[in-house]
Amino acid sequence: QVQLVESGGGLVQAGGSLRVSCAASGRTFSSYAMGWFRQAPGKEREFVAAISWSGGSTHYADSVKGRFTISRDNAKNTVYLQMNSLKPEDTAVYYCAAPTVPGLFGTSLADFGSWGQGTQVTVSS
């Protein structure tokens, strides 16, 4: 399994930007696709973005497409989520996740078996 630790959350005004990071432990990080999910109060956890093991392919939820960018640095065992043009409805706890099977490039909760502790992102109007 991969251990994941998110950082970089915080409070930002609507229209602003924020980058959250996820540091992974383990020598096999570069073989894993990775994903970001978020969970707002009273709502289910939802998919945000995913990136293939090489970084060559990405998926985004329609709600963030064109505003968020997922990237990774395999040399640093880190995956990033750059969030621009933030909206109050982006307020949530953001979770980094690794799939149950390293090469699985999925977008559903069931595809992911390792989770970080989450980092809070709050967007004020």
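Reading the values: rules and limits
- Residues numbered from 1 in each chain as written.
- Predicted model: local features only at pLDDT ≥ 70, side-chain atom pairs only at ≥ 80, totals over all residues.
- Heavy atoms only, no water.
- Helix = DSSP H or I, 4+ residues; strand = E, 2+ residues; numbered from the N terminus.
- Buried < 20%, exposed > 50% of the residue type's maximum accessible area, 1.4 Å probe, protein only.
- Pairing = 2+ DSSP bridges.
- Axes fitted to C-alpha atoms, helices over the stretch in contact; angles between N-to-C directions.
- Salt bridge = Lys/Arg side-chain N within 4 Å of Asp/Glu carboxyl O.
- Polar contact = N/O pair within 3.5 Å; in protein donor to acceptor, adjacent residues only side chain to side chain.
- Contact = heavy atoms within 4.5 Å.

In terms of regular secondary structure, the protein is built from 0 helices and 11 strands. Beginning at the N terminus, the succession of helices and strands in the protein can be written as β-β-β-β-β-β-β-β-β-β-β. Dimensions of the protein, computed from the C-alpha atoms along their principal axes, are close to 40 × 30 × 25 Å. Expressed as a percentage of its 125 residues, the buried residues of the protein come to 45%.

Here we come to the sheet that holds strand E1 (residues 4–7). Overall, antiparallel pairing links the 4 strands, which are arranged E1-E3-E8-E7 in an open sheet. The two strands at the open ends of the sheet, each matched to only one other strand, are E1 and strand E7 (68–73). Direction aside, the axes of adjacent strands within the sheet are offset by 15° on average.

Turning next to the pattern of salt bridges. Should their charged atoms come close, side chains of opposite charge can pair. Enumeration according to the criterion identifies 4 salt bridges in this entry. Residue Glu46 is joined to Arg38 by a salt bridge in which the shortest nitrogen-to-oxygen separation is 2.6 Å. Residue Arg38 is classed as buried on the basis of its relative accessible area, which comes to 5%. Each of Arg38, Glu46, Arg67 and Asp90 takes part in salt bridges that share partners, so that together they form one network.

As a further point, take the side chain of Arg38. In this fold, Arg38 is placed in strand E4 (residues 34–39). Separated by 3.5 Å, the side chains of Arg38 and Ser63 make a polar contact. Polar contacts involving the side chain of Arg38 include one to the side chain of Tyr94, which spans 3.0 Å.

Moving on to the environment of Thr58. Along the polypeptide, Thr58 turns up in strand E6 (residues 58–60). Separated by 32 residues in sequence, Thr58 and Gly26 place their C-alpha atoms 22 Å apart. Once you skip the residues sitting within four places of it in the chain, Thr58 turns out to touch Ala50, Ile51, Ile70 and Phe105.

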